[in-house]
Amino acid sequence: TDATGTATIQTPMIRGANAFTFCVDAVTGTGINNRSGVDDCASSGSEPPPSSGPEPTGLTVQWKDKGRARADLAWTGGASTVDIYRDGELIDNVSNSGSYRDTDPGDVYRVCNAGQTSAGECTEDVTRSP
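This section reports on the structure supplied with the text. (Residues numbered from 1 in each chain as written. Predicted model: local features only at pLDDT ≥ 70, side-chain atom pairs only at ≥ 80, totals over all residues. Heavy atoms only, no water.)

The side-chain alternation of strand β7 (residues 99-102) yields one buried face, formed by Y100 and D102, and one unburied face, formed by S99 and R101. Pairing of strand β4 (residues 70-76) with β7, which is carried by four bridges, proceeds in the antiparallel orientation. Considered in β7, the bridge of D72 is made with R101. (Buried < 20%, exposed > 50% of the residue type's maximum accessible area, 1.4 Å probe, protein only. Helix = DSSP H or I, 4+ residues; strand = E, 2+ residues; numbered from the N terminus. Pairing = 2+ DSSP bridges.)

Soluble globular proteins tend to pack their nonpolar side chains together in the buried interior. Formed by L59, V61, A71, L73, W75, V82, I84, V94, Y100, Y109, V111 and V126, the largest nonpolar core amounts to 12 residues. Mapped by element, the contributors of at least two residues to this core are β3 (57-64), β4, β5 (81-86) and β8 (108-113). If you tally residues by element for this core, the top one is β4, at three residues. If sequence neighbours within four positions are ignored, V126 has contacts with L59, V61, W63, D107, V108 and Y109. (Core = buried A, V, L, I, M, F, W, Y, C linked by side-chain atoms within 4.5 Å. Contact = heavy atoms within 4.5 Å.)

Taken together, four strands build an open sheet; the order of strands is β6-β5-β8-β9 and the sheet is antiparallel. The open sheet has two edge strands with one neighbour each: β6 (89-95) and β9 (126-127).

Our focus in this paragraph is the pattern of salt bridges. Taken as a whole and judged by the stated rule, the model has seven salt bridges. A salt bridge links D102 to R86; its shortest N-O distance comes to 2.7 Å. On the criterion of sequence distance, the pair formed by D102 in strand β7 and R86 in strand β5 is long-range, its members being 16 residues apart. Each member of the pair, D102 as well as R86, carries the same accessibility label: buried. For the salt bridge of D104 with R86, the shortest nitrogen-to-oxygen distance reads 3.9 Å. Taken as a pair, D104 in the loop between β7 and β8 and R86 in strand β5 lie far apart in primary sequence, 18 residues in all. (Salt bridge = Lys/Arg side-chain N within 4 Å of Asp/Glu carboxyl O.)

Put into structure tokens, the structure is as follows:
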């Protein structure tokens, strides 16, 4: 927050008409004792759009650990634009070519139609074998 108590939220990868809600769970600080006029939650946008294409399927990941580490992803289907998730975090939004190279490999990957996270819009998770 700034000196007036106004919070500014910045996040990459919020696109289109997707909705988000920001809620304040607690307020702490010197001299804070009055919360009158403060809304606990604020929302923006609208409901997520309906399915944007066929479900991406058949995700495979090949990890390379020698030399320059990387993970090479491949899948079939999906919308014209897809989101790449690594270890549960959105890392990229790309045109769907059916493949993606991650040069900062993680342990779990998923590919979803852009802006979607529900079943029928994403591949199954692929987890690195121990």
